[in-house]
Amino acid sequence: MKKLAKIRVVVSQAMLLFLITTLSCSTLNPKDIETDKVVKIYIQELIDGSNGTVTWEDINQNVFIKIEKFEENTKAVGRCHYQPIFIKKITLNKDWWNNRYVTQHERFQVIAHELGHCFLNRPHTQPTDKEDVSSPSAYLENQAFKNGLITKIPDLPDGCEGSIMHPYTLSDYCIVTHYTYYMDELFGRIKFYTPTKKEPQWILKHY
Ligand SMILES: [Zn+2]
């Protein structure tokens, strides 16, 4: 009896310690979840592009963005760390971000893309190439495409990707030429482009 009681005490102490550790871990320092300053101008551009759909308050309550070192030789330039219930974290690949050949348009589109995942809950609009499927979530997403659970968004008539949620980065040409279309598509203001057999000229103009 005594022994058992002692075990109980030890167990309850262990539980308490576990709880304290868990609680202290979940108490985040506001500084840790503050979006990096250099990213803010791009978020502002996205807020402007949302035409009032998204505000700074919405962003701050749901997601924060940090520029961090990624593992060597990764192709990933940004990641949305999806955490249900908790505030979501987006990380941007530090080496990529600081590369002088990376353009402002590229930085903007990656932030818009990751916010599309983390803030708008959007999946990719095309499957990720087999050789790049490294995470379980990308694998599951590809399976969902196979089974028709996620709709593919086709390319635009000029060959540009049909959405900023395409799994690979878009060229500056595409971002600049179709900026309004990409913002409208991202925020669900228009139905995405559907190709028809005969393209009327106005479609090319509009997109
Ligand atoms: Zn993505």
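Structure: above.
The shown structure was predicted, so the numbers you read here are calculated from the model rather than taken from an experiment.

*Asks:* Outline the overall build of the chain, listing residues and values.
*Replies:* What the chain contains, in helices and strands, is 9 helices and 3 strands. The linear arrangement of helices and strands in the chain, starting from the amino end, is α-α-α-β-β-β-α-α-α-α-α-α. A separation of at least 24 residues holds for 62% of the contacts in the chain among residues at least 6 apart in sequence.

*Asks:* If you had to explain the nonpolar core to someone new, which residues and values would you point to?
*Replies:* Counting 27 residues, the largest nonpolar core has Val63, Ile111, Ala112, Leu115, Ile164 and Tyr182 as its most contacted members. Breaking this core down by element, the ones donating at least two residues are helix H2 (40-49), strand S1 (63-68), strand S3 (88-93), helix H5 (104-118), helix H7 (172-177) and helix H8 (179-186). Beyond its immediate sequence surroundings of up to four residues, Val63 is in contact with Ile87, Lys88, Ile90, Leu115, Cys118 and Phe119.

*Asks:* Hey, could you go over the pairing of S3 for me, with residue numbers and the actual values?
*Replies:* Among the 6 residues that make up S3, 5 are buried, leaving the element largely enclosed by the rest of the structure. In terms of strand pairing, S1 meets S3 through 6 bridges, oriented parallel. Pairing of Ile65 across the sheet is with Ile90, part of S3.

*Asks:* So, the sheet that holds S3: which residues are in play, and what are the values?
*Replies:* With mixed pairing, the 3 strands of this open sheet are ordered in space as S1-S3-S2. Either end of the sheet is taken by a strand with one partner, and the two such strands are S1 and strand S2 (78-81). Looking at each pair of strands side by side, their axes are set apart by 20 degrees on average, direction ignored. Direction of pairing for S2 relative to S3: antiparallel, over a ladder of 4 bridges. Across the sheet, the residue bridging to His81 is Lys89, located in S3.

Calculation criteria
Residues numbered from 1 in each chain as written. Predicted model: local features only at pLDDT ≥ 70, side-chain atom pairs only at ≥ 80, totals over all residues. Helix = DSSP H or I, 4+ residues; strand = E, 2+ residues; numbered from the N terminus. Contact = placed C-beta atoms within 7 Å. Core = buried A, V, L, I, M, F, W, Y, C linked by C-beta atoms within 7 Å. Buried ≥ 20, exposed ≤ 12 C-beta atoms within 10 Å, placed from the backbone. Pairing = 2+ DSSP bridges. Axes fitted to C-alpha atoms, helices over the stretch in contact; angles between N-to-C directions.

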